[in-house]
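Structural overview for review
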Amino acid sequence: MAAHVRRFTGLGLVALLALAGCGTTSGEASGRSSSSAAAPSAVATTDPAAAASVQEGVDVYLKLLDTFVAASNAGAADAPDLPKYASGQALLTVRTILTTYREQGVRTQGNPKIGKPVVTAYSPATAPTSAKLTGCFDNSDWPFVKADGKPVDNLGPQQQAQGPSAVNATLAKAAEGWRVTELVIEGACPA
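Here goes a summary of the coordinates provided. (Residues numbered from 1 in each chain as written. Predicted model: local features only at pLDDT ≥ 70, side-chain atom pairs only at ≥ 80, totals over all residues. Heavy atoms only, no water.)

As enumerated under the stated definition, the model contains three aromatic pairs in all. Centroid distance Tyr-101 to Phe-144: 5.0 Å. Interplanar angle 80°. Geometry classified as edge-to-face. Here Tyr-101 is found in helix 4 (residues 88-104), whereas its partner Phe-144 is found in strand 5 (residues 144-146), with 43 residues between them in sequence. Of the residues examined, Tyr-101 reaches a relative accessible area of 2% and is grouped as buried. On the basis of an interplanar angle of 70° and a centroid distance of 5.7 Å, the ring pair of Phe-137 and Trp-142 is categorised as edge-to-face. Trp-142 carries the same exposure label as Phe-137, and that label is buried. In this structure an aromatic cluster arises from ring pairing among Phe-68, Phe-137 and Trp-142. (Phe/Tyr/Trp six-rings, centres within 6.5 Å; stacked < 30°, edge-to-face > 60°. Helix = DSSP H or I, 4+ residues; strand = E, 2+ residues; numbered from the N terminus. Buried < 20%, exposed > 50% of the residue type's maximum accessible area, 1.4 Å probe, protein only.)

With 17 residues, helix 4 extends 24 Å from end C-alpha to end C-alpha; this agrees with the ideal 24 Å at 1.5 Å per step. Those residues of helix 4 lying buried are Gln-89, Ala-90, Leu-91, Thr-93, Val-94, Ile-97, Leu-98 and Tyr-101. Just downstream of helix 4, Gly-105 is the residue with a positive phi angle, here 70°. (Expected span 1.5 Å × (residues − 1).)

Attention now goes to the nonpolar core. Counting residues in hydrophobic clusters, the biggest one holds 35 residues, and the most contacted among them are Tyr-61, Phe-68, Val-180 and Leu-183. Examining the composition of this core, we find that ten residues originate from one element, helix 2 (residues 48-74), more than from any other. (Core = buried A, V, L, I, M, F, W, Y, C linked by side-chain atoms within 4.5 Å.)

Encoded structure:
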């Protein structure tokens, strides 16, 4: 878990997590929210029900990012809606990051760029209950500030903006719906 937290704090996940060279064009992903990000790619399947189900999972992933960004910008140590979108390692990681920022007296300001996520796998082929996706998160213009909004001096290397980074997410569907269960930020965004 510490490695995941390190990766996320390195992004300023702060950042938590998508863009610049990650499948969007200028203006497509200019804000933090899924509503401002480009629509996710269609899920490659001939089963419309399976595609619709996996798309629900993609929507949950984007809502998790929106919720994280809003909480981070507010300087909140938690967000009550997080369990609607995440569970397991992903939920623990996001909460740990928010708590760490709060304890350090920093928050974020503005919006990272969130790229179009791409579903890389799902199963079973009909009525999917698990999926993997790759997205892109660019925190280049999502700075840390003090609670009063003034710039933060002397940030450690783990809190510097990292630019566009790949976000790999695992999602699971249970009775209550899709949840992001794992988030790993590593490497460059896919071309």
